[in-house]
Amino acid sequence: MPVITVTGLIGSGVIEIGPRISDRLGIDHVDRTILAEAAKKIGATEQDVADRTERAPGLGDRIAGFVKTVLERSALAGGGADPYFGGGLDALLVREYRDFPEESHGTGELDDENLLKVTSAVIHEIASGGNVVIAGRGSNVILRDVPNTLHVGLISSMDVRVERIKQREQLSDDEAARYIQENDRARIAYFKRFFDIDPQEARHYHQVLNTDMLTIEQATEVIVATAQTLN
């Protein structure tokens, strides 16, 4: 099964569709929530590790293991990287775009170039075994030259996105609209800063789906059907 990346405007269905693809195809799903959980495991005590040996390692355990290895081998290791990825890597992998710092605050080698190198290494490692859906994090750009990958972009109108964010975040219409606008601006800035591209351009995806015109379930089926042709 190929690697599938799914990214798009907040409220366009990425959060809902990623897990559905995973369930339909029986493959792993990685989003910023899973990465955050993996991050917490990097600083696990020896007892935590011993406890986990009683069961098969889960996806979060595996991610934590290779993120730790990547950090140890990277320029971030010399900068006192903490258990939560450290040195700003948490921002690249975990935070929402709207919560992303406008500039790096690290010193020495902890700059945007090295943060992107480590992020790319983590994403490539996640994708290396195939059989995974990766949500966001610029994965479609990082993996653009990797064979047997499917890059999906999701779009939706502001009205529909506001309704989804209202329900998900328990916000008013105005609050949801502001939340979306802040995230949209931050998302464009993120992709410009680290990849020098406009994430809205269709050329960065194999297919772009409009979740105004397709339900979440229909969009899932389209992606699954396309992915199955890549076997």
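The notes below deal with the structure included here. Note that the structure is predicted; figures quoted are calculated from it, not measured.

## A closer look at the pattern of salt bridges
Here the structure, examined in full by the defined rule, presents eight salt bridges. Across the salt bridge formed by D184 and R161, the nearest N and O atoms sit 2.6 Å from each other. Highlighted residues: D184 in helix α9 (residues 173-195) and R161 in helix α8 (residues 158-169), separated in sequence by 23 residues. Of the two residues, D184 and R161, both sit in the buried class. A salt bridge links K166 to E163; the nearest nitrogen and oxygen atoms lie 3.6 Å apart. Taken as a pair, K166 and E163 lie in helix α8 at a separation of three residues, close to a single helical turn. Looking at K166, the relative accessible area reads 22%, which means it is partly exposed. Taken together, the shared-partner salt bridges in this structure form one network comprising E163, K166 and D173.

## Things to note about the packing of aromatic side chains
Applying the stated criterion across every chain, the model contains four aromatic pairs. Aromatic side chains Y190 and F194 sit 5.5 Å apart centroid to centroid with 50° between the ring planes, which places their arrangement in the tilted category. Within this pair, Y190 and its partner F194 are both found in helix α9, separated by four residues, close to a single helical turn. In this structure Y190 comes out as buried when scored by relative accessible area, which is 3%. F194 gets classed as buried once you look at its relative accessible area, which sits at 7%. With centroids separated by 6.2 Å and ring planes inclined at 65°, the aromatic side chains of Y190 and F195 adopt a geometry described as edge-to-face. One aromatic cluster is present, formed by Y190, F191, F194 and F195 through successive ring pairs.

## Topic: the packing of α8 against α9
Here α8 crosses α9 at 110°, and the two axes come no closer than 9 Å. Taken together, the axis directions place α8 and α9 in an arrangement best described as roughly perpendicular. Where α8 approaches α9, its residues M158, R161, V162, I165, K166 and E169 are matched on the opposing element by D173, A176, A177, Y179, I180, Q181 and D184. A per-class count over the contact of α8 with α9 returns seven nonpolar, one polar and five charged.

## Focus on unusual backbone geometry
Residues other than glycine seldom take positive phi values, yet Q170 does so here, at roughly 55°. Using a relative accessible area of 67% as the deciding quantity, one classes Q170 as exposed. One non-glycine residue, D196, lies in positive phi territory at about 55°. In this structure, D196 sits in the loop between α9 and β5 (207-210).

## Some words on the side chain of Q207
Following the sequence through the fold, Q207 ends up in strand β5. Here Q207 falls in the buried class, since its relative accessible area comes to 15%. There is a polar contact of 3.2 Å between the side chain of Q207 and the side chain of T226.

What counts, and where the lines are drawn
Residues numbered from 1 in each chain as written. Predicted model: local features only at pLDDT ≥ 70, side-chain atom pairs only at ≥ 80, totals over all residues. Heavy atoms only, no water. Salt bridge = Lys/Arg side-chain N within 4 Å of Asp/Glu carboxyl O. Helix = DSSP H or I, 4+ residues; strand = E, 2+ residues; numbered from the N terminus. Buried < 20%, exposed > 50% of the residue type's maximum accessible area, 1.4 Å probe, protein only. Phe/Tyr/Trp six-rings, centres within 6.5 Å; stacked < 30°, edge-to-face > 60°. Axes fitted to C-alpha atoms, helices over the stretch in contact; angles between N-to-C directions. Parallel < 35°, antiparallel > 145°, perpendicular 65-115°, else oblique. Contact = heavy atoms within 4.5 Å. Nonpolar A, V, L, I, M, F, W, Y, C, P; charged D, E, K, R; others polar. Polar contact = N/O pair within 3.5 Å; in protein donor to acceptor, adjacent residues only side chain to side chain.

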